[in-house]
Amino acid sequence: MDKWKKRTRAVHAGIRRSQYNEVSEAIFLTQGFVYDSAEQAEARFVKAGEDEFIYARYGNPTVAMFEDRIASLEGVEAGFATASGMAAVNGALMALVKAGDHVVSSRALFGSCLYILEDVLGRFGVEITLVDGRDLGAWKAAIRPDTRIVFCESVSNPTLEVIDLGALADIAHANGALLVVDNVFATPIFSYAAEAGADLIVYSSTKHIDGQGRCLGGVILGKRELVRGPVEAYLKHTGGAMSPFNAWVMLKSLDTMDLRVRAQSATAQALAEGIEGHAAVGHVLYPGLKSHPQHALAMAQAGNGGTVMAIDLKGGKEAAFRFLNALEIFTISNNFADSKSIVTHPATTTHQRLPQAQKDLLGITPGLIRLSCGLEDTDDLLADVLQALAQV
Ligand SMILES: *Cc1c(COP(=O)(O)O)cnc(C)c1O
């Protein structure tokens, strides 16, 4: 498979055919697997081979097809698929740390990631230091000899801060720490995390991988020794496995992910350019715009601004709500990376829980709006945004 390009691997990698030689991947909706003999059962529990399964919490042929396909796309050796993105973040972190360890993380994080770091790991005696992820000096100053993990969202939700992953991997590795990256915003299509040196790469497959708003899922990707070692051991015993049905949905979604993500990113670029400078808009945050403070870094790393942007309306919450309610195509929801365009007001929904001081620090202002571009016609979406801005 390695000799083929990503689009080819997205359709064929990881395929496992049953005795019927089906064309489309089968859903193996089974919890367990039978053995030809007691001896075979014993041997499998000693060591299961690549295509030998025991129980769906440990692994399943449909789930394995998805894991191998997304690992091939990411350019890593192995993957473990999980029930949700948060099961993946939790699994990656919990599998690697113990009481007394230190974790350094960027501050601009999805709320549930912050909860795992501060509330869960904190309760078990893991010390957390949060830094401004854009400041390499801050990372360097925070890392200590007992730092076990360096964690970040490669591009942050919803303020689109971009992290220099190569430099961060060097800082982590020079101190004997592992770099764990939540790579949702970067997308598997424009990902550079493996080349940059990330040790574990985590996706919520709920986002661009499903991409059509149906199933929750997640995946942890990296070197075989880590994924099939501590990560698999933790997850198979604690029950974070992806269901075979969801794995099948994700697997079929990978066939079209490249087409979808490229089209949605092109639309996002066009919308960002079309909105920037509008009288009602304070600023547009989109890595594909030259005005983004880290535009050059984003282009060097991903070569693309992605499918999501944030805009800050001058009129604050009142203007933001008027804008949301005036949109005709964009639907109000808290998800993103769907084929349907979605608009979110983070300050009152996804980031409502954060104390005001933290919202201020992260730039989650009352006028901030997140726009996730779907697969609708670009001109229609731009017209929708402009007519709604006119009503602000
Ligand atoms: C959505 C998201 C998650 C959580 O994924 P779920 O599938 O909803 O559990 C984690 N990190 C980031 C950056 C996300 O956007």
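Residues numbered from 1 in each chain as written. Predicted model: local features only at pLDDT ≥ 70, side-chain atom pairs only at ≥ 80, totals over all residues. Heavy atoms only, no water.

Chemist: Got a minute to help me understand the overall build of the protein chain in this structure?
Modeler: When you go through the protein chain residue by residue, the secondary structure sums to 14 helices and 12 strands. Taken over C-alpha atoms, the radius of gyration comes to 21 Å for the protein chain, in line with the 21 Å a tight globule of 392 residues would show. Look at the contacts in the protein chain between residues 6 or more apart in sequence, and 73% of them connect residues 24 or more apart. Accessible area of the protein chain: about 16300 Å², with a carbon and sulfur share of 53%. (Helix = DSSP H or I, 4+ residues; strand = E, 2+ residues; numbered from the N terminus. Rg over C-alpha atoms; globule rule 2.2 N^0.38 Å. Contact = heavy atoms within 4.5 Å. Areas by Shrake-Rupley, 256 points an atom, 1.4 Å probe, with all protein chains shown as cover.)

Chemist: Teacher, can you tell me more about the sheet that holds strand β11 (residues 342-344) here?
Modeler: Strand order in the open sheet formed by five strands is β8-β9-β12-β11-β10, and the pairing between neighbours is mixed. Across the chains shown, the open sheet's two edge strands, defined by having one partner strand only, are β8 (281-285) and β10 (331-332). Pairing between β10 and β11: two bridges, direction parallel. Paired with Thr 331 across the two strands is Ile 342, which belongs to β11. Against the sheet, helix α10 (residues 244-275) contacts β8, β9 (308-313) and β12 (368-372), and its axis sits at roughly 15° relative to β9. (Pairing = 2+ DSSP bridges. Axes fitted to C-alpha atoms, helices over the stretch in contact; angles between N-to-C directions.)

Chemist: How should I be thinking about the side chain of Ser 105 in this particular structure?
Modeler: Within the secondary structure, Ser 105 is located in strand β2 (residues 102-106). For Ser 105, a relative accessible area of 0% corresponds to the buried category. At 3.4 Å, the side chain of Ser 105 forms a polar contact with the backbone oxygen of Phe 151. (Buried < 20%, exposed > 50% of the residue type's maximum accessible area, 1.4 Å probe, protein only. Polar contact = N/O pair within 3.5 Å; in protein donor to acceptor, adjacent residues only side chain to side chain.)

Chemist: Just checking my understanding: could you explain the pairing of strand β5 (residues 178-182) for this structure?
Modeler: Sheet faces and side chains relate simply in a regular strand, where the side chains alternate between the two faces. β5 sits mainly inside the fold: five of its five residues count as buried. Residues of β5 alternate between two faces, with Leu 178, Val 180 and Asp 182 on one and Leu 179 and Val 181 on the opposite face, all of them buried. Here strand β4 (residues 147-153) runs beside β5; their pairing, made up of five bridges, is parallel. Within β5, the position partnered with Ile 149 by the bridge is Leu 178.

Chemist: Honestly, the layout of surface pockets in this entry has me stumped. Any pointers?
Modeler: The calculated volume of the largest pocket comes to roughly 670 Å³. Taken together, 31 residues make up the lining of the largest pocket; nearest its centre are Ala 48, Gly 49, Glu 50, Arg 228 and Glu 232. Residue assignment for the lining of the largest pocket shows that the elements contributing at least two residues are α2 (38-46), α3 (61-74), β1 (78-82) and α9 (224-238). Counting residues per element, the lining of the largest pocket draws most heavily on α3, at five residues. Of the residues in the lining of the largest pocket, the class split is 16 nonpolar, three polar and 12 charged. Considered as a void within the structure, the second largest pocket measures approximately 410 Å³ in volume. Along its surface, the second largest pocket is lined by 25 residues, and Phe 110, Asn 157, Ser 204, Lys 207 and Phe 336 are the ones closest to its centre. For the lining of the second largest pocket, the secondary-structure elements that each account for two or more residues are α4 (85-94), α5 (111-123) and β6 (200-204). A per-class count over the lining of the second largest pocket returns 10 nonpolar, 11 polar and four charged. Residues lining the lining of the second largest pocket come from more than one domain, with at least three contributed by each of domain 1 (6-253) and domain 2 (257-391). (1 Å grid on protein atoms, 1.4 Å probe; cavity = no way out; pocket = protein on both sides within 12 Å on 5 of 7 lines; lining within 4 Å. Points joined across faces, edges and corners; volume = space filled by probe spheres on them. Nonpolar A, V, L, I, M, F, W, Y, C, P; charged D, E, K, R; others polar. Domains from an automatic or database assignment.)

Chemist: Quick question: what am I supposed to make of a nonpolar patch on the surface here?
Modeler: A grouping of Ile 27, Leu 29 and Phe 245 is seen on the molecular surface, where their side chains present a nonpolar patch of about 290 Å² in accessible area. By the secondary structure assignment, Phe 245 is in helix α10. Of the residues examined, Phe 245 reaches a relative accessible area of 38% and is grouped as partly exposed. (Patch = residues over 30% accessible without salt bridge, like charges linked within 9 Å, V, L, I, M, F, W, Y side chains within 5 Å. Salt bridge = Lys/Arg side-chain N within 4 Å of Asp/Glu carboxyl O.)

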